[in-house]
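A look at the structure
The residues making up each chain are set out below.
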Amino acid sequence: MFLKFTSILLFIFVLINFPLHSQTQKFPSVNFKDDAQIEVGNHYVGIELHHSSPMLQRISFYYPTANSIDLSNDYWKRDSNFIMAASLSIDGKKEWIGLEPYELVSNPYSVKLQKSDAIKSLKISYDFCKNKPAMIITFEITNLGKEAKEFEFETQLETSVKTCHSYKSKEIAWTEFANDGATIFTNFEDRETQNAQIFVANAGQNPVDCTSISYLRNGSIIPNRWWQNVDWNNKQKIILKENKQRPAAYFLYRKKLKPMETMKIIQIVGMCKQDEGKSITKYLKVNFKKEVNEFEKYISNEVGKVKFKTGDEDLDKTYAWAKSLLAVNQHYIDGSIQPMPCPAEYNFYFTHDVLLTNLAAVNFDLVRVKSNLQFIIKHATKDYIIPHAYYWRDTSYITEYCTPDNWNHFWFIILSGSYLRHSMDKPFLKTLYPYLTKSLEQTLQNRKDDLMWAYRPDWWDIGRNFGPRSFMTIQAIKAIREYVFISTILDENATKLEEYETMADNMQKKLNEKLWSKDLKYLVNYWEDGSLDSHYYIGSLLAAPYGLIPDDRKKELVETASQKLLDPKLGIYAAYPMDFDKQIEFLKFAGNEAGDPFKYINGGIWTHGNTWYVLALIAAKEKEKAYTFIKNIMTINGVLKSPNGQPAMYEYRNSNNLDPSVYGKIDKPQFMWAAGWYVYALYHLFGIEENEWNVSFNPYLNNEIKNCEFDLMVNGKMTKVRIEGSGELLEKILYDDKDYSSSVIPVDIKPKSIMLVLGKLTKPYISQVNGLLSSCVYSRNSLICNISAYQGKEISLKIISPQKPCSILIDKQEIKDFSLEEIVGGYEIIIKHNLGKNSCEVITKF
């Protein structure tokens, strides 16, 4: 394993800046020398490290249920509590390991750390199994001196646990050894842990001694440590069932090393049911390399399944990193593997995180999205209320259900609509439909005067002060229109669709009239007493990509966000001003849960806020700025170059530019929805637009990017899309090498390939429509298309043409009322029509 590690380091040393090793797209790794928070894992176990120390500060196990080894009692100070220690003695001189940062090679699924001096080299790696609930810790100690010396290495791992959700400490257990004398099993006779067993086995250098008793005491013998020396001459080895105590796994290794000789210690650490440990450890002691290789192969396959290539090294490497992270951040829960936010810090299933991530996944992985939606409705109530969270608590699995003011209702409907557009999977949407209907009914309970009222400020799930909210109103409008689209496709609720559409239109009007501040030039919120909430929130940015505000306001919204929320080195603040720590009583926070200024939601910088800013820039026709922002702020290389940057796709960053020591510090460095939102941003910058009725293309290339290729799910089929050329208008649109006159994808087409060539406009094409495009033909100077929706819907059709139209006919009747605007290179024609039936034919003659 470490031959591979050494070669990677050499390759990285040569390439210097953000290099990836030989399989560039499939195994993204970053060499890093400074302070980093690290989280990696597999589907069964995840670890957390801080300050680039190789010593563990948390292990989260997910099988047979979620238990964690964690001694921290303060989330904000969890970097100061270790569950592991190691010491190295050379000829009797002892040194504690991990008190200083190590150099590391990191990626979403493994981390390797190293440090050396004149007399020794120490390399520590954490790798993970594909099919077994275990990780592999490898210690390689090399004698760099000129003489043979005796090396003694001691490792100490706490094996008491805390339970999922209730976070109860379980410090009493009994232990046993395997016949090999090198494996310790810690057994918990406690239903709240699901009677789990922790195993620590050795597959490399055998220990010369071991014990399973915890030698903890108050105080420290070294800074930030509570470990004391183990008296190997006076110790008890195991904990009997009848005399349960606090457990640990202590091993002592000893070997005389010649110059350049290495002692290799391999520990296999995991959790399982009590009747499984012996067979699992027996298998892994022989097959751990195979398991690690299979996990890496699985990641490689997941990354390689789908293509998104821009030719920009930073963008493409970050895409590979994001795909790796999406493959890794899935954990065992209650018999299946489900998406989870991050490797080590969340023991729960959160519907919100899954929905947000899958807004990107609908573009390339419909199997994942469908499976995730099935899991959500499986855990809904009998009357179709979807879950907010699902987790083990005390003695059973618990479901928290979405209340009427929960934003999951909106994301559930929005994702389901997007899934339908990309898949045309009507049977499954029929199954989802009662749940979607219930979600809409639930949340509309808080509609007052055509605005959505909510207790939470913006997109958060804390606080309680009821008032009209921009974010919730924006989401409600989007969700209502998605529901209308879904209902139309399924032929459901036909008599109510016009009513719902009118409701959404009225809410959009009120959003602009009541919540748009002409003074602040931003969408604002109000408190229950009618007073203005003076904060600027990221949630308001979604009004631009959803098309809920006029073009001039899109530009003003983006400009205001740039002035009030933008840190040019890190991204967009969650909120400004940062004073929620002073409004605890007013907003009924549970203590300082919002965080101090510049932290968490009190002005911290979150990845989804950065993406929402990118989407707002795109909507404001500032694609070049969006590209620059993504490259500088959202890529792995961009993050690395930023203040206190590290390899990460993070949840949030500390934005305190007044303190260089914390400015830019990252928390939760491998966060699932960060990967999803990054991929979502790439699709929407370079290739696609998506409204409530269809997916279309609005491609972008610049001087740095000559072409772009990506895979896209089109009507249930994976389609290869290629973009070439330059400019903003489409010169050619080819579906399976045949000319087509629409950048809007028709509902009845399943091409293997689509080619989009930017350049000089040569013939008209459809660029947008808020209905279903059934067919489109350009022949004999006429553009003929068929559009359907529900009876009574106002259709808006946009055509881009090199020349003015001679006449426009709808269902063979000529119309005169249409808009015509000259643009660079041609004309933009917008045709509006109220459907007298479910469909219409539009013929535009040139």
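This part covers the side chain of S87. Considering the arrangement of structural elements, one finds S87 in strand β6 (residues 84-90). For S87, a relative accessible area of 2% gives the class buried. Ignoring anything within four residues of it in the chain, the contact list for S87 reads K94, E95, W96, I97, E152, F153 and E154.

Next up on the list: the packing of aromatic side chains. Summed over all chains, the structure comprises 52 aromatic pairs. Taking 6.1 Å as the distance between ring centres and 90 degrees as the angle between the ring planes, the aromatic pair formed by W459 and W460 counts as edge-to-face. Here W459 falls in the buried class, since its relative accessible area comes to 7%. With a relative accessible area of 1%, W460 lands in the buried category. Positioned above the aromatic ring of W453, the side-chain terminus of K448 is 3.9 Å from the ring centre. Positioned above the aromatic ring of Y455, the side-chain terminus of R464 is 3.9 Å from the ring centre.

Let's shift gears to the sheet that holds strand β18 (residues 209-213). The five strands lie next to each other as β7-β6-β12-β19-β18, forming an open sheet whose pairing is antiparallel. Of all strands in the sheet, those bounded by a partner on one side alone are β7 (93-96) and β18. On average, each strand axis in the sheet is tilted by 15 degrees relative to the strand beside it, whichever way the strands run. Pairing geometry for β6 and strand β12 (residues 149-158), over seven bridges, is antiparallel. Looking at the pairing, A85 lines up with Q156 of β12.

Our next topic: the packing of helix α12 (residues 607-619) against helix α13 (residues 623-634). Running from amino to carboxyl end, α12 crosses α13 at an angle of 160 degrees, the nearest separation of the two axes being 8 Å. Our classification of the angle between α12 and α13 gives roughly antiparallel. Once α12 is placed against α13, the crossing between them reads as left-handed. When α12 is examined against α13, the residues N610, T611, Y613, V614, L617 and I618 are found in contact with a partner set consisting of K623, K625, A626, F629, I630, I633 and M634.

A separate point is helix α7 (residues 426-443). Across its 18 residues, α7 extends 24 Å between first and last C-alpha, which sits within 8% of the 26 Å expected from 1.5 Å per residue. Taken together, the buried positions of α7 are F428, L429, L432, Y433, Y435, L436, T437, S439, L440, Q442 and T443. Each element contacted by the buried residues of α7 is listed here: α5 (366-378), α6 (408-423), β27 (447-448), β28 (451-454), α8 (470-490) and α9 (497-515). A distance of 3.3 Å separates the backbone nitrogen of F428 from a side-chain oxygen at the start of α7, and that oxygen is part of D425.

When you tally the buried positions in strand β9 (residues 110-116), you get five out of seven residues, the bulk of the element. Across five bridges, the pairing between strand β8 (residues 103-107) and β9 is antiparallel. Residue pairing in the sheet places E103 in a bridge with Q114 of β9. Between the end of β8 and the start of β9, which pair antiparallel, lie two residues. When β9 meets strand β10 (residues 120-128), the two strands line up antiparallel, connected through six bridges.

The next subject is the sheet that holds strand β2 (residues 38-41). The strand order across the open sheet built from six strands is β2-β3-β4-β5-β13-β14, with neighbouring strands paired in antiparallel fashion. Lying at the two open borders of the sheet, with one neighbouring strand each, are β2 and β14 (169-170). For strand β13 (residues 161-163) and β14, the ladder comprises two bridges, and the chain directions are antiparallel. Its bridge partner being in β14, K162 is matched across the sheet by S169.

Attention now moves to unusual backbone geometry. The omega angle of the peptide bond from Y63 to P64 is 0 degrees, so this bond is cis rather than trans. With respect to the secondary-structure elements, P64 resides in the loop between β4 (58-61) and β5 (67-69). With an omega of 5 degrees, the peptide bond running from Y576 to P577 counts as cis. Mapped onto the elements, P577 comes out in the loop between β37 (575-576) and α11 (584-587). You will see that F598, though not glycine, has its phi angle at about 80 degrees, which is positive. With respect to the helices, strands and loops of the structure, F598 is situated in the loop between α11 and β38 (605-606). A positive phi is found at Y600, a non-glycine position, where the angle reads about 50 degrees. Here Y600 is to be found in the loop between α11 and β38.

L56, I59, Y126 and W411 are the most contacted members of the largest nonpolar core, which has 278 residues in total. Not counting chain neighbours up to four residues away, the residues in contact with W411 comprise H352, L355, L356, L359, F471, Q475, L542, Y546, W612 and W677.

Criteria and thresholds
- Residues numbered from 1 in each chain as written.
- Predicted model: local features only at pLDDT ≥ 70, side-chain atom pairs only at ≥ 80, totals over all residues.
- Heavy atoms only, no water.
- Helix = DSSP H or I, 4+ residues; strand = E, 2+ residues; numbered from the N terminus.
- Buried < 20%, exposed > 50% of the residue type's maximum accessible area, 1.4 Å probe, protein only.
- Contact = heavy atoms within 4.5 Å.
- Phe/Tyr/Trp six-rings, centres within 6.5 Å; stacked < 30°, edge-to-face > 60°.
- Lys NZ or Arg CZ within 6 Å of the ring centre and 35° of its normal.
- Pairing = 2+ DSSP bridges.
- Axes fitted to C-alpha atoms, helices over the stretch in contact; angles between N-to-C directions.
- Parallel < 35°, antiparallel > 145°, perpendicular 65-115°, else oblique.
- Left-handed = near helix turned anticlockwise from the far one by under 90°.
- Expected span 1.5 Å × (residues − 1).
- Polar contact = N/O pair within 3.5 Å; in protein donor to acceptor, adjacent residues only side chain to side chain.
- Core = buried A, V, L, I, M, F, W, Y, C linked by side-chain atoms within 4.5 Å.

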